[in-house]
Amino acid sequence: MLRPSITFWQDSWRRFKKNKVAVIAAILLIAIGIFTLVVPMISPNDFAKINTVDKNLSPSAKYWFGTDELGRDLFVRVAIGGRISIIIGICCTMVQVLVGTLYGGISGYFGGIVDDIMMRIVEIIGSIPYLVVVILISLIMGKSVFALVFAMTVIAWDNTARLVRGQVMQLKEMEFIHAERALGSGPSRIIIKHMLPNVLGIIIVRATLSVPGFIFTEAFLSYIGLGVVPPDTSWGALAAAAQQKLMFYPYMLFYPCLFISLTMLAFTLMGDGLTDALDPKLRQ
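Per-chain numbering applies: the sequence of each chain, read as written, is numbered from 1 onward. Residue-level local features of this predicted model are given only where pLDDT is at least 70; pairs of side-chain atoms are given and counted only at 80 or more, and the full residue set underlies all totals for whole chains, interfaces and linings. Water and hydrogen atoms were dropped before computing side-chain values, which therefore reflect all heavy atoms in the structure.

**Q** Help me get a handle on the overall build of the protein chain, residues and values and all.
**A** Per the convention used, a helix needs a DSSP run of H or I reaching at least four residues, while a strand needs a run of E reaching at least two, with both numbered from the N terminus. Secondary structure assignment for the protein chain yields 11 helices and 0 strands. Along the chain direction, N to C, the helices and strands of the protein chain fall in the order α-α-α-α-α-α-α-α-α-α-α. The dimensions of the protein chain, computed from C-alpha atoms along their principal axes, are 75 × 55 × 30 Å. A total accessible area of about 15,200 Å² is found for the protein chain, and carbon and sulfur atoms account for 71% of it. Neither His nor the chain ends contribute to the count of charged residues, in which Lys and Arg are positive and Asp and Glu negative. By convention, the point assigned to a charge is CZ for Arg, NZ for Lys, CD for Glu and CG for Asp. Taken as two groups, the 24 positive and 18 negative side-chain charges of the protein chain have centres that lie 5 Å from each other. Per-residue and other accessible areas follow the Shrake-Rupley method at a 1.4 Å probe size, with only the shown protein chains counted as cover for residues.

Next up, the structure:
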């Protein structure tokens, strides 16, 4: 009996659903996303409101995650911090993927001297210590979400560019691309209609695995004092503020670190699941 004809994306979704670990990771990410969006809207406590009467309280029925040294509700602050951390991670990933895909696609498609020059630039960028550049740009541009996104993405797209370039160079030698050229199609049509859909799976996997890296980088920068500006906060900023009180109030550090760990783990596991699901070699 012949198997029903299904598209590549339908088959990928079918295989992804069979990966229980990846599905659980995706559900966990959705739950964390809902938590960061809904809690600040329904909570009676404002994340920036100072209440010195209730400062440094342990977790209770009133304050589920306790309060900080200014009496602010940590449950709401962790939700707000997660919103900012995840937004920064997603924005950085979008910039990285967009720049890397465009750069690598142009380099791989045109080849020759264009490819040589563009890849030498990528090699120079890749030789620069990433964290040094991020810290220097953060110091120069100051503390803001835009400065963080710019600092973390200014040279982070080089690996994506290499990956896309390699795939495009393989694709452009295939028969259906030669046939499209013979029919008179220009580079823009070939790239948009044929090459981009064929590298989209790899780009999606790359994006999924990049988000936790950017979240961790943001947490590190916030931890050393180069993150978001108060009263806004992030998971890294909450961890930085709590580390000096670890011996007396460990719950202040536990909750932001827990959400950082869960989010990074979930993105990594989901990315592994997408890698298997989108691999055409595993299609049955």
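**Q** Account for the packing of aromatic side chains, with residues named and values stated.
**A** Side-chain rings of Phe, Tyr and Trp (the six-membered ring for Trp) are treated as a pair once their centres are within 6.5 Å; stacked means planes under 30 degrees apart, edge-to-face means over 60, and tilted covers the remaining angles. As enumerated under the stated definition, the model contains 13 aromatic pairs in all. With 6.1 Å between their ring centres and 20° between their planes, W13 and F16 make a pair best called stacked. With W13 and F16 both in helix α1 (residues 8-18) and 3 residues apart, this pair spans about one turn of that helix. Ring centres of Y109 and F110 lie 5.2 Å apart, and the angle between their planes is 90°; on these two criteria the pair is classed as edge-to-face. Partly exposed residues are those whose accessible area sits between 20% and 50% of the maximum for their type, while under 20% is buried and over 50% is exposed, using a 1.4 Å probe and protein chains only. On the basis of relative accessible area, Y109 is assigned to the buried category, the value being 10%.

**Q** So, a nonpolar patch on the surface: which residues are in play, and what are the values?
**A** Taken together, the side chains of L102, I106, F110, I113, V114, I117 and I121 present a nonpolar region at the surface, about 630 Å² in accessible area. Looking at the nonpolar patch, the elements with two or more residues in it are α3 (74-110) and α4 (112-126). With 4 residues, the top contributor of residues to the nonpolar patch is α4. With respect to the secondary-structure elements, V114 resides in helix α4. Accessibility expressed as a relative area gives 33% for V114, which makes it partly exposed. Here, patches come from residues exposed beyond 30% relative accessible area and free of salt bridges, joined within 9 Å for like charges and within 5 Å for nonpolar side chains (Val, Leu, Ile, Met, Phe, Trp, Tyr). Throughout this description, the term salt bridge denotes a Lys or Arg side-chain nitrogen within 4 Å of a carboxyl oxygen of Asp or Glu.

**Q** Give me the lowdown on helix α6 (residues 145-153), citing residues and values where you can.
**A** Buried within α6 are the following residues: A147, L148, V149, A151, M152 and T153. Contacts are assigned to residue pairs with any non-hydrogen atoms lying within 4.5 Å of each other. Looking at the packing, one finds that the buried side of α6 touches α3, α5 (130-141) and α9 (187-223).

**Q** Let's hear about the pattern of salt bridges: which residues, and what values?
**A** In total, this model carries 7 salt bridges according to the counting rule given. Among the ionic pairs, D54 bridges to K62, the shortest N-O distance being 3.5 Å. Two residues, D68 and R72, come together in a salt bridge whose shortest N-O distance is 2.8 Å. For the pair D68 and R72, a shared accessibility class is recorded, and that class is buried. Salt bridges linked by common partners bring D68, R72 and R77 together as one network.

**Q** Describe the confidence of the model for the protein chain, listing the residues and the values that go with them.
**A** When pLDDT is averaged along the protein chain, the result is 82; 96% of the residues meet or exceed 70. Along the chain, pLDDT gives the predictor's confidence residue by residue, from 0 to 100. Taken element by element, the protein chain is modelled with least confidence in helix α8 (residues 175-182), mean pLDDT 76, and with most confidence in helix α2 (residues 20-42), mean pLDDT 90.

**Q** Any chance you could break down the side chain of T93 for me, citing the residues and the numbers?
**A** Structurally, T93 can be placed in helix α3. A relative accessible area of 4% means that T93 is categorised as buried.

**Q** Before we move on, can you summarise the nonpolar core with the specific residues and values?
**A** Put simply, a nonpolar core is a bunch of buried Ala, Val, Leu, Ile, Met, Phe, Trp, Tyr and Cys residues held in one set by side-chain atoms that sit within 4.5 Å of each other. Residues F16, F35, F65, V78, W235, F259 and M270 are the most contacted members of the largest nonpolar core, which totals 34 residues. Elements with a contribution of two residues or more to this core: α2, α3, α9, α10 (235-242) and α11 (251-277). A total of 11 residues in this core trace back to one element, the largest contributor, which is α11. Among residues more than four places away in sequence, those in contact with F259 are I32, F35, F65, V78 and W235. Core analysis: the next-biggest nonpolar cluster, separate from the first, contains 27 residues, I80, M119, V122 and V133 among them.

**Q** Could you give me a rundown of the environment of L253, with the residues and numbers involved?
**A** Within the secondary structure, L253 is located in helix α11. Spatially, the C-alpha atom of L253 lies 9.5 Å from that of W235, the residues being 18 residues apart in sequence. Residue contacts for L253: discarding those within four places in its chain leaves A239, A242, Q243 and L246.

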